[in-house]
Amino acid sequence: MTRPLLLTPGPLTTAPRVRRAMDADWGSRDPAFIALTAELRERLLVVANGAGTHVAVPIQGSGTYALEAAADTLIGPDDRLLVLINGAYGERMAAIARRLGRQVAVLHWEEDEPVDPSAVAAALRDDPAITHVAVVHVETTTGLRNPLEAIAATVADTGRRLIVDAMASFGALPIDLATLPAAAILASSNKCLEGPPGLAFALVDRAVLEGCAGRSRSTSLDLHAQWRGFEGNGQWRFTPPVQVVAATVEALRLLDAEGGAAARLDRYAANLDVLLAGAGRLGLELYLDRDLQAPIIATFRRPPDLDFAALYDALAARGFLIYPGKLTRGESFRIGCIGAVTPADFTRLVAALEPALAAARS
Ligand SMILES: Cc1ncc(COP(=O)(O)O)c(C=O)c1O
């Protein structure tokens, strides 16, 4: 059976080599797997140039597990978190922190507006109790890229700590921890790293994490204890998803072979260019201004006469899976540009879109 291409990040389309890496058993306490875990942690730091400042703490689970672990471990009960929100994932970070009983303040923007660093600076001036700021680098709700470097500089200038949900950007958009002042970068295996789902990770400033011993109220989501576990004997504290770790390491080797995040970003940008040119010809309207759109996932306005379920089925029948929209206002659908997919795949997608759109219009 031919598998469809997943334009649904994520899970997303992975390379055959990555899938083949899952075809083996590993003893979780065996030296070979301990070496694989060490390679995973090293390679994650290399992607963000963080070896000098940060430590890599993988955690079993989807990306949200890393978000929750970070909120639980890095933010104390006397701290106050400011969450910058322009989409569903910003809302989720605020909800996670609130549920953990943390003090939370929020700043909101419209879903088609980037976070404005000058408004962040003003909020930090007005509320000296804020100790931490959280932001989503690429808001997957829309595909909008927030100005991470400017936000980080603003947060650092006022002595606060920045926590970044880099779920949809890590491995493609530039994140240089040698120059970016961030306490923690949180991401997962199954987006721009092009691995399978099941592994989350935090890259945490070593000095910050050292100060967080015993703070987490969770056993499994305690990032400090997880880190000490790796440092102690190289092993995972609890059963690791061994096949997912093996495949993610293979995915990281492939990222390196491709030329790193910059080369991957170029491929994704080429994918997006083909998609947008074709979608434009077919009369589809991009939701965001083009300069705000990251080459990760594109949101299109759904014309009133277009039935999304019918479009989904018609594209699935032609070998492509796409995503529904996630906007709070207005109808939309989304098409991902990331994964082991190329501009040639998007040329085929555009060819499939024309009859699929016709079939889905009433
Ligand atoms: C920006 C962002 N944050 C967080 C998440 C949550 O990750 P997961 O569904 O893997 O828990 C996602 C998933 O799409 C995301 O795109």
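Nothing here was measured: the structure is a model prediction, and the numbers come from that model.

## Overview of the overall build of the protein chain
What the protein chain contains, in helices and strands, is 12 helices and 14 strands. Over its C-alpha atoms, taken along the principal directions, the protein chain stretches across nearly 60 × 55 × 35 Å. A burial count over the protein chain gives 50% of its 362 residues as buried. Contacts spanning at least 24 positions in sequence make up 72% of the contacts within the protein chain whose residues lie at least 6 apart.

## Details of the nonpolar core
Residues Ala-70, Ala-184, Ile-185, Leu-186, Phe-201 and Ala-202 are the most contacted members of the largest nonpolar core, which totals 116 residues. Among the elements that take part in this core, helix H9 (residues 242-258) stands out by supplying 8 residues, more than any other. Mapping this core onto the domain boundaries places at least three of its residues in each of domain 1 (5-9 + 260-360) and domain 2 (17-257). Ala-184 has contacts with Ala-70, Leu-74, Ile-163, Val-164, Ala-202, Leu-203, Val-204 and Asp-205, leaving out every residue within four places of it along the chain.

## Observations regarding the packing of helix H2 (residues 31-47) against H9
Contact geometry of H2 with H9 gives a least axis separation of 10 Å together with a crossing angle of 45°. If you check the angle between H2 and H9, you find them oblique. For the crossing formed where H2 meets H9, the hand is left-handed. For the pair H2 and H9, contact is made by Phe-33, Leu-36, Thr-37, Glu-39, Leu-40, Arg-43 and Val-47 and by Val-242, Val-245, Ala-246, Thr-248, Val-249, Leu-252 and Leu-255, respectively.

## Quick word on the pairing of strand E10 (residues 199-205)
For a regular strand, side chains alternate in direction, first toward one face of the sheet and then toward the other. With respect to burial, E10 is a largely interior element, 7 of its 7 residues being buried. Of the strand pairs in this sheet, strand E2 (residues 54-60) and E10 are connected by 7 bridges, and their pairing is antiparallel. Residue pairing for E10: Pro-58 is matched across the bridge by Phe-201. In this sheet, E10 lies alongside strand E9 (residues 184-188) in antiparallel orientation, the contact comprising 5 bridges. For Leu-186, the partnering residue across the bridge sits in E10 and is Ala-202.

## Notes on the site of the ligand
Every residue lining the ligand is accounted for by Ser-62, Gly-63, Thr-64, Tyr-89, Val-136, Thr-140, Asp-165, Met-167, Ala-168 and Ser-188. Split into classes, the residues belonging to the shell around the ligand amount to 4 nonpolar, 5 polar and 1 charged.

## Description of the domain arrangement of the protein chain
Segmentation of the protein chain into domains returns domain 1 (5-9 + 260-360) and domain 2 (17-257). When each unit is reduced to the centre of its C-alpha atoms, the spacing between domain 1 and domain 2 is 27 Å. Secondary structure elements with two or more residues in the side of domain 1 that touches domain 2: helix H10 (260-281) and strand E11 (297-301). Examining the composition of the side of domain 1 that touches domain 2, we find that 5 residues originate from one element, H10, more than from any other.

## Topic: the environment of Val-274
Of note, Val-274 is situated in helix H10. A residue is classified by how many C-beta atoms lie within 10 Å of it, and Val-274, with 19 of them, is partly exposed. Considering only alpha carbons, one finds Val-274 and Glu-285, 11 residues apart in sequence, at a separation of 14 Å. Aside from chain neighbours lying at most four places away, what touches Val-274 is Pro-343, Phe-346, Thr-347 and Val-350.

## Thoughts on H10
End to end, H10 covers 32 Å across 22 residues, agreeing with the expected 32 Å (1.5 Å per residue, within 8%). On its buried side, H10 packs onto H2, H9, E11, strand E14 (332-336) and helix H12 (343-360). The first or second residue beyond H10 is Gly-283, which carries a positive phi of 85°.

## Some thoughts on the environment of Pro-58
Relative to the assigned elements, Pro-58 resides in strand E2. Between the C-alpha atom of Pro-58 and that of Ala-358, which follows or precedes it by 300 residues, the distance is 45 Å. When sequence neighbours within four positions are dropped, the list of residues in contact with Pro-58 reads Leu-40, Arg-41, Leu-199 and Phe-201.

## Details of the pairing of E14
Among the 5 residues that make up E14, 5 are buried, leaving the element largely enclosed by the rest of the structure. With burial as the criterion, each face of E14 is covered, one bearing Ser-332, Arg-334 and Gly-336 and the other bearing Phe-333 and Ile-335. Across 5 bridges, E11 lies against E14 in antiparallel orientation. Within E14, the position partnered with Ile-297 by the bridge is Gly-336. Here 2 bridges tie strand E13 (residues 323-324) to E14, and the two strands are oriented antiparallel to one another. Each bridged residue has a counterpart across the sheet, and for Pro-324 the counterpart in E14 is Phe-333.

Conventions adopted
Residues numbered from 1 in each chain as written. Predicted model: local features only at pLDDT ≥ 70, side-chain atom pairs only at ≥ 80, totals over all residues. Helix = DSSP H or I, 4+ residues; strand = E, 2+ residues; numbered from the N terminus. Buried ≥ 20, exposed ≤ 12 C-beta atoms within 10 Å, placed from the backbone. Contact = placed C-beta atoms within 7 Å. Core = buried A, V, L, I, M, F, W, Y, C linked by C-beta atoms within 7 Å. Domains from an automatic or database assignment. Axes fitted to C-alpha atoms, helices over the stretch in contact; angles between N-to-C directions. Parallel < 35°, antiparallel > 145°, perpendicular 65-115°, else oblique. Left-handed = near helix turned anticlockwise from the far one by under 90°. Pairing = 2+ DSSP bridges. Near = placed C-beta within 6 Å. Nonpolar A, V, L, I, M, F, W, Y, C, P; charged D, E, K, R; others polar. Expected span 1.5 Å × (residues − 1).

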